[in-house]
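As a plain string of letters, each chain reads:
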Amino acid sequence: MKIVRNILLLVLSALSVTCCSKRLGQEPSQLSIYVRIPEMTEVKAELGDVAAELSAESLIKTLSIWVFLSDYFDEARPAGHCLGYINPSNAIGRDPLTGFENRYYMNIDADIAKAHPAVDVYVIANREDASINRIAFSENTPKSVLDNYILTGNYYSINSEGTATHSSVPSSGLPFSAVGKHLQMMGNYPVMHVETLTLTRLVSKVRVVMSQLADAAGPVVNFAINDLSLDGGLIGKEEYVFNDSFDAFKLKKAGTADDYIPYRLKFSPSAYAEIAQNAAPQEYAYKSGMTAQEYETLVLKGISDGVLTDVGRYYLRESDKGLSGKIDYTIDGVNGSATFAMPDGDTFSRNHSWIVYIFFLRDEMKFTVSWTDWLDGGFFNLTQ
């Protein structure tokens, strides 16, 4: 069941001598900023603990928001001048997804509001995540730092042993970001606003599930999986935190093979040592026209009911390439191998959920590889 909550997020900046300060001799007007946050998904109670996985993927614990002038305004406020900064979660002291009907205001100079200039707005959520918490974000963080900030290193990556660094959501939540450039300030003085920004996760999720055909007597064929992995050289080494491009991804690239993590992602043999028995495994294959929520709910229920085996889920940095992999297996004593891949033209871009489903029938093995967006949700409230 999908919960859609509508909230207005209005941002309040403290008056100070920083870039967020009010110019002397002018009464402040207000700028409101609307931020759309991907939904918290609820599923039926019989799914048990998997509901915690879904809600953790949408958890927003902290926000940092900057507003800069897009163009030159005057000598004191050139292009890139910071009009305001807010860290709303510091003011609320608890989970920002609880409650409703609260507002935060950003004070801006009256002459700015009356002129309706274009602005650049940047938002980071869950900045305490180690992948983006390498600098102390503040009101003094310049626009150039945000534009060039990257997700890199041993975060949402694959190490030399073939192990993914993140198989679960960290306690700080997954990293999110949003950016809007040259957004025209709109509204009637003294209350102005800009168009809505939508937060997206900086990472994507890949999950592999399996099942085998069985009847009342048990599995209909004897098989074993010898090796299962995703190919190396596909996940980007460096990804920009803020994507202001027209693509669904934005990698920092030098145009060589070194732009990608070279290691295969190896799934643990213990995860596929015993494959769930299923009287109708084809019923869990992705079908054209299914919504993101419909398919993920179907798969999670299959895992909960014990008719699908969850081989593993991993959160990885994005890519401008599609993922592919290989499985080595034995059926009735005969060795074989097969490859699987995302459809041509698809990429492992940020904020997507990929499900690879492998199922064994009487004398063959089949695959489906599907992807869904992590859907956008409503407007969430930051509560005092």
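Moving on, we come to the packing of aromatic side chains. A complete count under the given rule lists 10 aromatic pairs for this structure. The ring of Tyr240 carries Lys250 above its face, with NZ or CZ at 4.7 Å from the centroid. Between the NZ or CZ atom of Lys321 and the centre of the ring of Tyr260, over which it lies, the distance is 4.0 Å.

Before going further, it helps to examine the environment of Asn226. Along the chain, Asn226 falls in strand 15 (residues 223-230). Assessed through its relative accessible area of 45%, Asn226 is described here as partly exposed. As a C-alpha pair, Asn226 and Ile327 span 101 residues in sequence and 7.6 Å in three-dimensional space. Not counting the four nearest positions on each side in its chain, Asn226 is found in contact with Tyr272, Asp328, Tyr329, Thr330 and Asn335. Among the polar contacts made by the side chain of Asn226, one reaches the side chain of Thr330 at a distance of 3.1 Å.

In this section: the confidence of the model for the protein. Looking at the protein as a whole, its pLDDT mean stands at 81, while 82% of the residues score no less than 70. Per-residue pLDDT stays below 50 along residues 1-25; that stretch engages in 77 contacts with residues further than four places along the chain or on separate chains.

What follows deals with the sheet that holds strand 21 (residues 334-341). Strands sit in the order 17-15-20-21 across an open sheet of 4 strands; the sheet is antiparallel. Both edges of this open sheet fall to strand 17 (265-266) and strand 21, since each of them pairs with a single strand only. As paired strands, strand 15 and strand 20 (residues 324-331) are joined by 7 bridges and run antiparallel to one another. Bridging from a neighbouring strand, Ser229 pairs with Lys326 of strand 20.

Here helix 5 (residues 292-304) spans 18 Å end to end across 13 residues, near enough to the 18 Å set by a 1.5 Å rise per residue. For helix 5, the complete set of buried residues consists of Ala292, Gln293, Tyr295, Glu296, Val299, Leu300, Gly302 and Ile303. Phi turns positive one or two residues past the end of helix 5, at Gly306, with a value near 80°.

Our next topic: the sheet that holds strand 10 (residues 191-193). Adjacent strands of a sheet form backbone hydrogen bonds with each other and so pair up, either parallel or antiparallel. The strand order across the open sheet formed by 4 strands is 5-1-10-9, and the pairing between neighbours is mixed. With one partner strand each, in any of the chains shown, strand 5 (106-108) and strand 9 (186-188) form the two edges of the open sheet. Neighbour-to-neighbour, the strand axes of this sheet turn through a mean angle of 30°, independent of strand direction. Here strand 1 (residues 29-32) pairs with strand 10 via 3 bridges, running parallel.

This next bit is on the pattern of salt bridges. Per the stated rule, a full pass over the model turns up 19 salt bridges. Across the salt bridge formed by Arg350 and Glu318, the nearest N and O atoms sit 2.9 Å from each other. Here Glu318 lies in the loop between strand 19 (309-317) and strand 20 and Arg350 lies in the loop between strand 21 and strand 22 (352-360), a separation of 32 residues in the sequence. For Glu318, a relative accessible area of 0% gives the class buried. For Glu364, the salt bridge is made with Lys366, and the minimal N-O distance between the two is 3.9 Å. Residue classification places Glu364 among the partly exposed residues on the basis of a relative accessible area of 36%. What emerges from the salt-bridge pattern is a single network uniting Asp120, Lys143, Asp147, Lys181, Asp244 and Lys250.

Conventions and cut-offs
- Residues numbered from 1 in each chain as written.
- Predicted model: local features only at pLDDT ≥ 70, side-chain atom pairs only at ≥ 80, totals over all residues.
- Heavy atoms only, no water.
- Phe/Tyr/Trp six-rings, centres within 6.5 Å; stacked < 30°, edge-to-face > 60°.
- Lys NZ or Arg CZ within 6 Å of the ring centre and 35° of its normal.
- Helix = DSSP H or I, 4+ residues; strand = E, 2+ residues; numbered from the N terminus.
- Buried < 20%, exposed > 50% of the residue type's maximum accessible area, 1.4 Å probe, protein only.
- Contact = heavy atoms within 4.5 Å.
- Polar contact = N/O pair within 3.5 Å; in protein donor to acceptor, adjacent residues only side chain to side chain.
- pLDDT = per-residue confidence, 0-100.
- Pairing = 2+ DSSP bridges.
- Expected span 1.5 Å × (residues − 1).
- Axes fitted to C-alpha atoms, helices over the stretch in contact; angles between N-to-C directions.
- Salt bridge = Lys/Arg side-chain N within 4 Å of Asp/Glu carboxyl O.

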